[in-house]
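Coordinate analysis (summary)
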Amino acid sequence: MHPDQPTAAPLRVVLAEDSVLLREGLVGLLERFGHRVVAAVGDAGALRAAVAEHAPDLVVTDVRMPPGQADEGLRAAVELREARPGLPVLVLSQYVQRSYAADLLDSGDGSGVGYLLKDRVGQIEDFLTAVATVADGGTVVDPEVVRQLIGRRRDPLARLTPREREVLALMAEGRSNAAICRELVVTEAAVSKHIGNILAKLDLPPAEQSHRRVLAVLTFLRG
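Residues numbered from 1 in each chain as written. Predicted model: local features only at pLDDT ≥ 70, side-chain atom pairs only at ≥ 80, totals over all residues. Heavy atoms only, no water.

Overview of the overall build of the chain
Within the chain one finds ten helices and six strands. Out of the 223 residues in the chain, the part that is buried amounts to 46%. Residue pairs in contact within the chain that sit at least 24 positions apart in sequence constitute 68% of those at least 6 positions apart. About 11,000 Å² of surface is accessible on the chain, with carbon and sulfur atoms providing 53% of the total. (Helix = DSSP H or I, 4+ residues; strand = E, 2+ residues; numbered from the N terminus. Buried < 20%, exposed > 50% of the residue type's maximum accessible area, 1.4 Å probe, protein only. Contact = heavy atoms within 4.5 Å. Areas by Shrake-Rupley, 256 points an atom, 1.4 Å probe, with all protein chains shown as cover.)

Here we look at the confidence of the model for the chain
Mean pLDDT over the chain works out to 85, with 88% of the residues at or above the 70 mark. Contacts from residues 1-7, a stretch scored under 50 in pLDDT, to residues over four places away or in other chains number 14 contacts. (pLDDT = per-residue confidence, 0-100.)

A short note on the packing of helix 7 (residues 162-172) against helix 8 (residues 177-184)
Where helix 7 contacts helix 8, the axes come no closer than 10 Å and their chain directions differ by 130°. On the basis of their axis angle, the class for helix 7 and helix 8 is oblique. Between helix 7 and helix 8 lies a crossing whose hand is right-handed. Packed against helix 7, whose contacting residues are Arg163, Glu166, Val167, Leu170 and Met171, the element helix 8 presents Ile180, Glu183 and Leu184 at the interface. The residue inventory of the contact of helix 7 with helix 8, partitioned by class, reads five nonpolar, no polar and three charged. (Axes fitted to C-alpha atoms, helices over the stretch in contact; angles between N-to-C directions. Parallel < 35°, antiparallel > 145°, perpendicular 65-115°, else oblique. Left-handed = near helix turned anticlockwise from the far one by under 90°. Nonpolar A, V, L, I, M, F, W, Y, C, P; charged D, E, K, R; others polar.)

Brief notes about helix 8
Count 3.6 residues to each turn of an α-helix, and residues three or four apart come out pointing the same way. Turning to helix 8, its buried residues number three or more, namely Asn177, Ala179, Ile180, Cys181 and Leu184. At the C-terminal side of helix 8, valine 185 shows a positive phi close to 55°.

Encoded structure:
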């Protein structure tokens, strides 16, 4: 595809990206090639509202967005696909957010969905081809995304040290941080550090602390 050649099938696109410069750049790029960006928003709530209002042909969204800068964009994409099966969604992010990426790629039998890493999109043509493929019901996934998802499914607990497994086992018993301190004869600061490492290694995004503990315990029980 020549850089100045318009696309043959114009799309109505809702774009969600919290970086103003990148958002405006993507709007300009998509419109340069004949697409119409019906809404360009900067948070997950506005993304949901825009899709409800405009019923677009395609959603292009980042993963980490306000208010939490965790996985709001990706969670919104999964919810939108559940509410509107077949809605084409292309995730364009710097991160592989494994906690919801698999849910997105599994939705709708994997049709009309894509997950690209910003730093690995080498050519404008590659991005435009991905846009067209996903909008047409195809699937486009960066190989690095696939690699990380496969690694996660093997054994999410394999990355934990023996001490971190001990702490997680005690968390699964419902022990508080203070109770874990007494059981292991360590300081509360040490327990907090172990828990932080556990949450990071299990790829649990920043969120309300008790919710992350529950997710960690569920991962332990499934393992």
